[in-house]
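# A structural walkthrough
In case you want the letters, here they are:
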Amino acid sequence: MLIAIPGNEAHAARLGERLGVEVLVPEVRHFPDGEMYVRLPREAIAGDVAIVGNLEANSFLQVAFLAGTARDLGAVRVGLVAPYLAYMRQDACFNAGEGVTARYFARLVSSTVDWLVTVDPHLHRLDSLDRVYSIPTTIARAAPAIARWIADEVRDPVLVGPDAESAQWVSAVADRLGAPYVILEKTRRGDRDVSVAWAGAGPAAPPQLDGHTPVLIDDIVSTGRTMLEATRRLRAAGTAAPMCIAIHAVFADAVGDELVAAGASGIITCDTIAHASNRICVADPIADAVRSRL
Ligand code: R5P
């Protein structure tokens, strides 16, 4: 049985179809004093349940209350399927006094559910979710679905990663396509202050780009500055218009028009976060990952 976090009913329905299980839509509302009320449409629950949805807007309390309710109704194990795993980027203390929220968040989730399934989490300085999560975790991969989309839609692609950490996603897609790839160097000075250069501070575009269509791939598009600066770097070198692909459509800023104005042919995303740019469905690998947990 699946329980949809409010706002994530579509995710839960796609997964429920693939797993052939029922999806419960809970009642979640607030009392006049702002405290949260939750109710599941059941008198009893048997076996395993999974709560499905992203923990955006600090919705951790919803997960905690839904998990508690499911256990009180008899659920034996409660998992969490979060297609986009929030709080993975502040994975270190960069300036004195900062909180390492990736660690604290993982501790909270680990104390609340029995297992976790997610899609390509932002593992950068942390090399594994096990470094912060104490529960079993399974990662579903978007690379096969992204590779299929590129094979269908882009002629002679060359894949481009905008920064060092993107190499893991870019190389996985490139391997499947048998396509060349290049990785750029990013410097981030602030939330919206980013620059992108050719690796090794080289002045010119590497030869792999010649005569190919660049496809920029990153895990997250948030402010879009990374995609934007990478696009500008490519176009300044005279490449064809790059197609931008992100796994997680965070879109803290609506950057689509700016990207096209900068010379990209467009931006598309996987459907881990519902957004108008979603073109690549990753429900199948998520369903496989959940099956592996049951
Ligand atoms: C960070 O290293 C990630 O891989 C992405 O490059 C980053 O989250 C993109 O953020 P933004 O869209 O704000 O540049």
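This text gives an overview of the structure that appears in the document. (Residues numbered from 1 in each chain as written. Predicted model: local features only at pLDDT ≥ 70, side-chain atom pairs only at ≥ 80, totals over all residues. Heavy atoms only, no water.)

Right, let's talk about the packing of helix H4 (residues 143-153) against helix H5 (residues 167-177) for a bit. Across the interface, H4 lies against H5 with an axial gap of 9 Å and an inter-helix angle of 55°. What the angle tells us is that H4 and H5 run oblique. Note on packing geometry: the crossing formed by H4 with H5 is right-handed. Two secondary-structure elements touch here, H4 through Ala 143, Pro 144, Ile 146, Ala 147, Ile 150 and Ala 151 and H5 through Ala 172, Val 173, Arg 176 and Leu 177. (Axes fitted to C-alpha atoms, helices over the stretch in contact; angles between N-to-C directions. Helix = DSSP H or I, 4+ residues; strand = E, 2+ residues; numbered from the N terminus. Parallel < 35°, antiparallel > 145°, perpendicular 65-115°, else oblique. Left-handed = near helix turned anticlockwise from the far one by under 90°. Contact = heavy atoms within 4.5 Å.)

It is worth spelling out the sheet that holds strand E9 (residues 157-161) at this point. As summarised here, the arrangement of the six strands in space is E10-E9-E13-E14-E15-E16, forming an open sheet in which the pairing is parallel. Only two strands of the sheet have a single neighbouring strand rather than two, namely strand E10 (181-183) and strand E16 (278-280). Going from strand to strand, the sheet's axes swing by 35° on average, the running direction of each strand aside. The sheet contact formed by strand E15 (residues 266-270) and E16 spans two bridges and is parallel. For Thr 269, the partnering residue across the bridge sits in E16 and is Asn 278. (Pairing = 2+ DSSP bridges.)

Here we come to the site of the ligand. Taken together, the neighbourhood of the ligand is formed by 15 residues, with Arg 89, Glu 165, Asp 218, Asp 219 and Thr 226 sitting nearest. Note that an oxygen atom of the ligand is positioned 2.9 Å from one of the side-chain N or O atoms of Arg 188. Compared with its free state, where it exposes 370 Å², the ligand has 96% of that area covered by protein. At the level of elements, strand E11 (185-190), strand E13 (213-221) and helix H6 (225-236) are the ones that each hand at least two residues to the shell around the ligand. For the shell around the ligand, the element with the most residues is E13, which contributes four residues. Tallied by class, the residues present in the shell around the ligand amount to two nonpolar, five polar and eight charged. (Near = heavy atom within 4 Å. Polar contact = N/O pair within 3.5 Å; in protein donor to acceptor, adjacent residues only side chain to side chain. Areas by Shrake-Rupley, 256 points an atom, 1.4 Å probe, with all protein chains shown as cover. Nonpolar A, V, L, I, M, F, W, Y, C, P; charged D, E, K, R; others polar.)

So, about helix H8 (residues 283-293). Within H8 the residues assigned to the buried category are Ala 283, Ile 286, Ala 287, Ala 289 and Val 290. Buried residues along H8 cover an arc of 160° about the axis, so they all sit on one side. Buried residues in H8 make contact with helix H1 (9-19), strand E6 (77-82), strand E7 (115-119) and strand E8 (137-140). (Buried < 20%, exposed > 50% of the residue type's maximum accessible area, 1.4 Å probe, protein only. Arc of directions from axis to C-beta.)

Every buried residue belonging to H5 is among Trp 169, Val 170, Ser 171, Val 173 and Ala 174, and all of these are buried. Where H5 is buried, its residues meet H4, E9, E10, E13 and strand E14 (243-249). One or two steps after H5, the chain reaches Gly 178, where phi turns positive at roughly 65°.

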